[in-house]
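Results of the structural survey
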Amino acid sequence: MHIPDGFLSPETSIATYAVAVPLLIVGFKRLKRNLNEETLPLISALSALSFVIMMFNIPIPGGTSAHAIGAVAIAILFGPWVAFVAISLVLFIQAVVFGDGGISTWAANALGMGFVGSFVGYYVFRALKNFKFAPFVAGYLGIVASALFIGIVLGVQPYFWSENGKPLYFPFGLGVTLPAMVGVHLLIGTAEGILTQIVYKLVGQKSLEEVLA
């Protein structure tokens, strides 16, 4: 799901940075409230888990790549703002150190995988919190929402940034990117849901109760 450099127009990159940076400032403030001797090791461990699973990318024709994320597990335990910051930092390290995702596209990746996925998953979980498999559903829908966001960002590129009918950046429109990104993640969402369910069951409800207090 990582968007590399060169896939998005400069205007798109600037716009996503303009949205992501203020949101991250809010996120860091929320993160500071949640950090203590008990939560720091767990947040770090879940961020490391997210880092590892996102490194296993499956290329998608007409899209970028498909992989699990792990954002919703962090979101339902510590809140979506904390998950957004954690995933954004993971994506930044992956882009800078491993070249997985671009620097110019980092904000778009952070918004899609960090912000959209975390908030959708978190509020789905809150709506279904009395349902036994609420973490699974939240993880599933969270990653599908992330894929939808990335598919839209990629798919609008040829409509707005073309020259003489030739796309200047990402060449495929929404008719290709949405089925490619969302379709594959409808399958991968099962793994994301299972991961979220397992993490929530292992950690228990203590962290969530602290967030909601």
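Here we summarise the structure given alongside this text. (Residues numbered from 1 in each chain as written. Predicted model: local features only at pLDDT ≥ 70, side-chain atom pairs only at ≥ 80, totals over all residues. Heavy atoms only, no water.)

**Some points on the overall build of the protein chain**
Counting its secondary structure elements, the protein chain contains nine helices and four strands. Overall, the protein chain shows an N-to-C arrangement of helices and strands of α-α-β-β-α-α-α-α-α-β-β-α-α. Taking 2.2 N^0.38 as the reference for a compact globule, 213 residues should give roughly 17 Å; the C-alpha atoms of the protein chain span a radius of gyration of 17 Å, in line with that estimate. Across the 213 residues of the protein chain, 52% fall into the buried class. Considering only residue pairs separated by 6 or more positions, the protein chain has 76% of its internal contacts joining residues 24 or more positions apart. In the form shown here, the protein chain has an accessible surface area of approximately 9,800 Å², with 71% of it arising from carbon and sulfur atoms. For the protein chain, the distance from the average site of its 10 positive side-chain charges to the average site of its 9 negative ones is 11 Å. (Helix = DSSP H or I, 4+ residues; strand = E, 2+ residues; numbered from the N terminus. Rg over C-alpha atoms; globule rule 2.2 N^0.38 Å. Buried < 20%, exposed > 50% of the residue type's maximum accessible area, 1.4 Å probe, protein only. Contact = heavy atoms within 4.5 Å. Areas by Shrake-Rupley, 256 points an atom, 1.4 Å probe, with all protein chains shown as cover. Lys, Arg positive; Asp, Glu negative; His and termini not counted. Charge placed at Lys NZ, Arg CZ, Asp CG, Glu CD.)

**Observations concerning the side chain of Asn 109**
Turning to its location among the elements, Asn 109 is positioned in helix α5 (residues 106-127). For Asn 109, a relative accessible area of 2% corresponds to the buried category. Once you skip the residues sitting within four places of it in the chain, Asn 109 turns out to touch Met 1, His 2, Ile 3, Leu 91, Gly 101, Gly 102, Gly 114 and Ile 150.

**Structural notes on the packing of aromatic side chains**
Evaluated as defined, the whole model comprises 16 aromatic pairs. For the ring pair Phe 84 and Phe 115, a centre distance of 5.3 Å and an interplane angle of 80 degrees mean the geometry is edge-to-face. You can see Phe 84 sitting in helix α4 (residues 80-98) and its partner Phe 115 sitting in helix α5, a full 31 residues away along the chain. Overall, the relative accessible area of 0% leaves Phe 84 in the buried class. You can call Phe 115 partly exposed: its relative accessible area is 21%. Plain terms: the ring middles of Phe 170 and Phe 172 are 5.7 Å apart, the flat faces sit at 70 degrees to each other, and that makes the pair edge-to-face. (Phe/Tyr/Trp six-rings, centres within 6.5 Å; stacked < 30°, edge-to-face > 60°.)

**Quick word on a nonpolar patch on the surface**
A contiguous nonpolar patch, built from Val 52, Met 55, Phe 56, Phe 92, Ile 93, Val 96, Val 97, Phe 98 and Ile 103 and spanning about 850 Å² of accessible area, is present on the exposed surface. Here the element with the most residues in the nonpolar patch is α4; it accounts for five residues. Within the secondary structure, Ile 103 is located in the loop between α4 and α5. Judged by relative accessible area, Ile 103 falls into the partly exposed class, the value being 40%. (Patch = residues over 30% accessible without salt bridge, like charges linked within 9 Å, V, L, I, M, F, W, Y side chains within 5 Å. Salt bridge = Lys/Arg side-chain N within 4 Å of Asp/Glu carboxyl O.)

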